[in-house]
Structures are given as C-alpha cells and as structure tokens.
2 protein chains.
Amino acid sequence: MTELSENALKPGATIGILGGGQLGRMLSVAASRLGFRTHIFEPSATPPAAHVADRITTASYEDAEALAAFAASVDVITYEFENIPTSALDLLETLKPIRPGREALRISQDRLTEKTFLQDLGLQTAAFADISDQASLDAALTQIGAPSILKTRRFGYDGKGQARIKTPDDAAEALAAMAGAPSILEGFVNFSHEVSVIAARGVSGEIACFDPGENIHRDGILHTTTVPARLSAGQRMDAVLMAGKILNALEYVGVLGVELFVTPQGLIVNEIAPRVHNSGHWTQNGCAIDQFEQHIRAVAGWSLGDGQRHSDVVMENLIGADMDRVPELAREPNAALHLYGKAEAKPGRKMGHVNRVQKPQT
Amino acid sequence: MTELSENALKPGATIGILGGGQLGRMLSVAASRLGFRTHIFEPSATPPAAHVADRITTASYEDAEALAAFAASVDVITYEFENIPTSALDLLETLKPIRPGREALRISQDRLTEKTFLQDLGLQTAAFADISDQASLDAALTQIGAPSILKTRRFGYDGKGQARIKTPDDAAEALAAMAGAPSILEGFVNFSHEVSVIAARGVSGEIACFDPGENIHRDGILHTTTVPARLSAGQRMDAVLMAGKILNALEYVGVLGVELFVTPQGLIVNEIAPRVHNSGHWTQNGCAIDQFEQHIRAVAGWSLGDGQRHSDVVMENLIGADMDRVPELAREPNAALHLYGKAEAKPGRKMGHVNRVQKPQT
C-alpha cells in the first residue's frame, strides 16, 4: 500500500460512523468493499446499520465514556447526519480525525449561517432574513414579500419545522408554528425543477462530481431522482463548479450534497448537506463507484472515483406503506431494491429505495 | 407482502449461511439489500463475513448444540461451499429448510458421482474412470489414454488434489499424490477456451441465467472472467440450456455455477458448483441484480432477477501480493474494487477482486 498517501488508511482499518440509520448502513457496506471494518455509534436500539457493521455502540451522545471508547477503537470518524451535538464533537475531535470537518457541520447545522456562507461565496440563494420575533418577521415580509417560507434555523429535515406564508396574514400562525425557535424567512423561488449535485473532495484537494440528478418531492420528502437531469450543458457545468466552490471553501473531505433550483436566472442553491444524500442513491446502480464508497474513499484518504456514470437511473424512495409493493417491485426487470431492514413501516418513514436501471441513451 | 408466494421470507427474516469466507460475506451484503438479516456459521475465527453479518456463530460442524441453536435462530439455511460434513447436514435438515437441497450437495461433493450424473442427463463430459488402485488406473489409462488428469473424487478446489499424467510413466507418481484417496481419471479435453454459466432456479421452478463469462486461469486459480464471452449465438443458447437441464434435474433452488469447455465438438461440462461462483463476481457491476442477490432471492422464495446485463465487465481476482496493487487499482477509472477484509495476504489466497466496467458495445 506504499503508493497511497502516507495518512491513507489501509484495508483492515476501522471507520467510525456516527449514526446508524440507512445512510450509516450503506456507508458500512461500502466500507466493507474496500476491506474496512466499521463501528457504528447510535443512541437508539437495533439501528439499520447494525446488521452490516462489525461493531455497534448503543449509547447517548452525552455519554463521554462511550464516546471515548468509540474513538479509541476507530481510525477516523465520519457521520451520516449533520445534527450531532456539539459537546460530542468537541470530545471526539481531540481523539481522532473527524471527516468532513467541523466547519462544514457548523455551517450546515444552521440555515442562516449556511445561506450567509453561500452568499459570501458569490452563489445565488433565495432572499432570506433572520427572524426572532413578530417585529423582525413583519419587517422581513415587507422586504421579501409573500409567498415565502418560515423555517427553523436548526434541526429541520424532510419538510419538518417549516411553515408556508401565502399572504402576510399567515405570519402570526407561521411564527407560532416555530414554537419560539430561531428562524429564517426564505423568499419564494420561481423554479422549473430541482436538481442536486453529489460531489466529493479528497484529502489532497481533488474533486469529483457525479452527474446531477433531478429531484421530485412528495409531501416534503424526496420521491424520485432521475439521471440524467434536464439541464443544458452550461447549467451542468455551472452546477459542478458551484459544488466545487463550496467544497474548496470548506476544505471539505468527503461527499457533499448540493440541492439547486433551476430558474431562468440561473441555478440557485437551496441547501447543502455535509454527507451522503438521498438524491445520490442512484449511484449504487449507475456508477462503478457509488456515493457511499466515494465518501469512504475520501475520509480514508484514498483516491476518489471519477464519478463516471455507466447507466441512466431513476431512483424511487419507498416510504411507509410502499413496502407493500416490494413483491411487485421484485418482479420488475432491471429494478434494484435497497431495503433498510427497519422493523416498522410507519407513514413517512424511509423504508428503502429502488433504482431502475436504464441502458444509456446512445 | 401478500403477493410473494406463501412461503416467501419477508424482510426482517434471517438467512443462515454455512461458511464465513468471501462468498458468505458477499451473500450477507446482498441479503441486507433485501432487508434480511444474516447469521453466519463458521468454525474459524474472524471470518471475512463477520464484518457484515448480523450474527456469527464460531463453532465446529461437529458441535450439535451450536448447530441446533444456529438453526433455531434462522428461517432458511444456505451455504457458501459444498464440502459441508454430512453429519451437520443430517442434523440441520431436520430443523430448517436447506437450499439448495441435499441432492445437489451429494452430487457435487464427488467428481465421479457428478460426472455420472451429467452423462446420464445426456451432457458431454471428459472421458472418466473410477480409480481405486494401480490396476484400475492402468486399465483406465489404456482406455482414456494420456495426457489425462488424476483427481481426488472429493475435497479438491483451485487445482488442489490433482496430478497430471503426461505419459503412462507418470501414473505411479500421480497415484501416490492422491495419498490413497478415492480418485477419478479424466481424459484430456482439447478446448479453445473455458466459459461458465451462472444460473439460478427459484422455488416455483423458474430459471434465470446470467450471460456466460469467459474464464482464464493462472496456476490453477481463476484469474479473469470476461463478459461477454467469445461464443456464437448457438453456443450461448446451448450453454444456457445445459445449465437449465442441470437445475431442473436437481430440483435446485439457488445459484449454480457451470464450467464449460468450448470445443469444436460442442460444449463439454467441466464441473458444477452448487453455490455462487467466483466466475460470477462480474455480475456485481454488470447487472442490476447480481449473483449474490439472485441466490438470496431464490433461497428466500422470492422472484428471480432476469439476469440482464447493462455493461461489459472484466473481473480480475486479486491473489496474495496483488493486494500491493490496491492503491494503483483505486486510481483506475471504472474499476470497482471488492476486498474481502482478510488479515494476511498469503500467496495463493483470494484477497479480493476488481470489476472493470466497460460501456456496452453498441
């Protein structure tokens, strides 16, 4: 293994993963393909990742002893979600490298910080304003106007912690829905469709992007991602350059998801996620090296895959009762099932996805 | 899940796998994709499959208590190798279904039984004769001639337990190499190349074959498998029909590997393996559903994938010191690495493989 960079992990090393959901699960499988072991840290019992991990620690993020033992047993630490308690990160970073680094987490944990960061990079975002009370909301609505969306600055996902403001009359109710949490008002963006770029940066600074995918949401949750996305060659290049700009500014190591709105005025960044992303699941059946392996390669200090795509893919999420369709999906030709091993198919719960592989158009 | 056959396992069920090597490891990963858990039974410590399995039992095949506990914890039993001690199977089959069934094991465990079975099906094999002593070897050599190969009837793999007989003068030495084990003399087959068919049969009798791959061996160990293989349309059809005939005759459930010699006189069966097969590893990056998932689907009573191939692939085994090439392989575009997590890279040891994905020729 002499030709990998000096700090590259060798097969046999252990990757620590904070979070044992489906992303941790698929990261664990990808790590195994490169000969790595994984150790999952997850507070809840029987997490999906446990079925395919070498070790699992079931403990709270407040349990300093468990965190220290976890760190001692791994060679590098990564994560499947961005809302890791700061105190846990403060402890872990003294013990082992955390990749991607703290800066990416700090920025993506807070919508206001994130939007400000993006704007400072010269990237377009929706108009936005910091909201702390009715007065700041009223002032912001005067400037940004309605329709617009009020969102909590932190801990939102899959449409949670959001309230639409169709007219200024909705303002009070929307603010009440935030339950006193620091919030951000985002202006309405008139976009034709949403795409996302799954991009990666390695320890030595090299960058590789997967082909942008086109996303369709239902009830605030990603429904399908289709590659290739409807984008002009220029838009495609813009999307990739924007992702690269973000990765470089953060001195990022790992995979990052960037959601973009396609508008006549160009691409507008919706949000970034400092981790593997649901809209990148298509790579499992469209590329020789998928987003999960790409992330593991980056955090392990390996060279990245180039992101080449061998097939067109439509990824569809299986949510809640969609599990009843599994027998029918299993009979579809060229449909690759990926189920997460979750016990209960609750409404709105991501239970799996299916990648429908198409031959590339020639 | 009402539309799967009544006996089909539901996600959440546990697949028991006898053997924790790389095949058990990749079966375990495939099972997880369908939401199954796996329980590995393996006598040796720290087997490769343990890193990606839900449970592992480390015990001998003579340990009846461990076997019974294993069987009690799983819903169906499958295996990654054919030389499972009969006594273990006798016990296990009273407790849980074993798929593929005993008949396939009985036949493939013994080269003489296997060749006789194939001949009775009307399939071409090399000329062969049962060898128990010098007299039977002399008689067989008169009939079959030299060059020929003397092989132990049981427990041979990767060229082990074999001795070439170039001239009748080599006979005594070859027989001594068998160390008294019951043996078989196989006549020399003049073939242009070797291909293998990875075929599957489901519980309701449906059959699906992957495209035949072309195999090249080095030092008795598979070196590369290339798809598509060099075969005429007629030969390709013959190969698939032969595999189907074998599957049906055995009332087989699961994936079976069939090695075939290509000769001017048609396809000659070399051997069959009642399990996923090294020459089918290319399917991981060439098909939406690979041989490992196909096997799990079959033993779980699910519908099979259709075996369609979306890409051309060249699979190369990484043996022993080939592990030193990993950094270089990691930099190759479209090369998918699959490492087995084995601690020590001993000479001749299968450490991993790489699937080089090519765009399909159009």
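Values in this document were obtained by computation on a predicted structure and should not be read as measured data.

A few words now on helix H5 (residues 111-120) of chain A. Residues and elements named next belong to chain A. Turning to H5, its buried residues number three or more, namely Arg111, Leu112, Glu114, Lys115, Phe117 and Leu118. Sitting at the amino-terminal end of H5 is Asp110, which places a side-chain oxygen 2.8 Å from the backbone nitrogen of Leu112. Residue Gly122 follows H5 closely and has a positive phi angle near 85°.

Looking now at the side chain of Ser136 of chain A. Residues and elements named next belong to chain A. Tracing the sequence through the fold places Ser136 in helix H6 (residues 134-144). Ser136 sits in the buried class, given a relative accessible area of 17%. Setting aside anything within four residues of it in sequence, one finds Ser136 in contact with Asp130 and Ile131.

As a further point, take the sheet that holds strand E5 (residues 128-131) of chain B. The strands that make up a sheet pair up through hydrogen bonds in the backbone, lying either parallel or antiparallel. Residues and elements named next belong to chain B. Strand order across the open sheet formed by four strands is E5-E8-E6-E7, with antiparallel pairing between neighbours. Pairing within the sheet leaves two strands with one partner each, and these edge strands are E5 and strand E7 (162-165). Within this sheet the neighbouring strands show an average axis-to-axis angle of 20°, counted without direction. Here strand E6 (residues 148-152) pairs with E7 via four bridges, running antiparallel. If you follow Leu150 over to E7, its bridge partner there is Ala163. Packed onto the sheet, helix H6 (residues 134-144) meets E5, E6, E7 and strand E8 (183-187) and runs at close to 170° relative to E5.

Residues and elements named next belong to chain A. Within the secondary structure, Ile84 sits in the loop between strand E4 (76-79) and helix H3 (86-92). For the pair Ile84 and Ala53, spaced 31 residues apart in the sequence, the C-alpha separation amounts to 20 Å. When residues no more than four places from it in sequence are discounted, the contact partners of Ile84 are Leu18, Tyr61, Tyr79, Leu89, Leu105 and Gln109.

Residue and element names in this part refer to chain A. According to the domain assignment, chain A contains domain 1 (14-98), domain 2 (127-187) and domain 3 (193-358). One C-alpha centre belongs to domain 1, the other to domain 3; they are set 22 Å apart. Residue-level contacts link 19 residues of domain 1 with 21 residues of domain 3. Taking both partners together, domain 1 and domain 3 bury about 1800 Å²; carbon and sulfur atoms supply 69% of that area.

Turning next to the relation of the copies chain A and chain B. Mapping chain A onto chain B is achieved by rotating through 180° and translating by 0.0 Å along the same axis, at an RMSD of 0.0 Å. The two molecules are tied by a two-fold rotation axis, judged by turn and shift. Looking at the rotation axis and the C-alpha trace of chain A, the residue lying nearest is Val52 of chain A, at 2.0 Å.

What follows concerns the interface of chain A and chain B. The partner chain B presents 45 residues to the 45 residues of chain A that form the contact. Regarding the contact of chain A and chain B, the summed buried area is about 4000 Å², with carbon and sulfur atoms giving 54% of it. Linking chain A to chain B there are zero salt bridges. At the junction of chain A with chain B, the criterion picks out twelve residue pairs in polar contact (both at pLDDT 80 or more). Looking at the side of chain A that touches chain B, the elements that each hand over two or more residues are helix H1 (22-33), helix H11 (326-330) and strand E16 (335-339) of chain A. Sort the elements by how many residues they give to the side of chain A that touches chain B and E16 of chain A lands first, with five residues.

Bringing the packing of helix H1 (residues 22-33) of chain B against helix H10 (residues 291-299) of chain B into the picture now. The axes of two packed helices give the description: the angle between them and the distance between them. All names here are of chain B. With their axes 8 Å apart at the nearest point, H1 and H10 run at an angle of 70° to one another. Here H1 is positioned roughly perpendicular relative to H10, judged by the angle of their axes. Between H1 and H10 lies a crossing of right-handed hand. Each of Leu23, Met26, Leu27, Ala30, Ala31 and Arg33 in H1 lies in contact with H10, whose residues at this interface are Phe292, Glu293, His295 and Ile296. Grouping the constituent residues of the contact of H1 with H10 by class yields seven nonpolar, one polar and two charged.

Conventions and cut-offs
- Throughout this description, residue numbers start from 1 for each chain and increase along the sequence as written.
- Naming scheme: in the order in which they are written, chains are lettered from A and ligands are numbered from 1.
- Totals for whole chains, interfaces and linings use all residues, but because this is a predicted model, local features are given only for residues with pLDDT of at least 70 and pairs of side-chain atoms are given and counted only at 80 or more.
- Remark: hydrogens and water are excluded; side-chain values derive from all non-hydrogen atoms of the structure.
- Burial status follows relative accessibility: with a 1.4 Å probe on protein chains alone, a residue under 20% of its type maximum counts as buried, one over 50% as exposed, and anything between as partly exposed.
- Strands are runs of DSSP state E lasting at least two residues, helices are runs of H or I lasting at least four, and both sets are numbered from the N terminus onward.
- Two N or O atoms form a polar contact when they lie within 3.5 Å of each other; inside protein one atom must be a possible hydrogen donor and the other a possible acceptor, and for residues adjacent in sequence the pair counts only when both atoms belong to side chains.
- What makes two residues a contact is simply this: any of their non-hydrogen atoms within 4.5 Å.
- Only strands joined by at least two bridges in the DSSP assignment are considered to pair.
- Each axis is a line fitted through C-alpha atoms, taken for helices only over the stretch in contact, and angles between the N-to-C directions span 0 to 180 degrees.
- Segment limits for the domains were obtained from an automatic or database-derived domain assignment.
- Buried area is calculated as the accessible area (1.4 Å probe) missing from two parts once they are joined, with the contributions of both summed.
- Superposition of the copies was done by least squares, using only C-alpha atoms of residues whose pLDDT is at least 70 in both.
- For this analysis, a salt bridge means a side-chain nitrogen from Lys or Arg found within 4 Å of a carboxyl oxygen belonging to Asp or Glu.
- Oblique is the label for any angle not under 35 degrees, not over 145, and not in the 65 to 115 range, which are roughly parallel, roughly antiparallel and roughly perpendicular in turn.
- What makes a crossing left-handed is the near helix being turned counterclockwise from the far one by less than a right angle; a clockwise turn instead makes it right-handed.
- The residue classification treats Ala, Val, Leu, Ile, Met, Phe, Trp, Tyr, Cys and Pro as nonpolar and Asp, Glu, Lys and Arg as charged. All others, Gly included, are polar.

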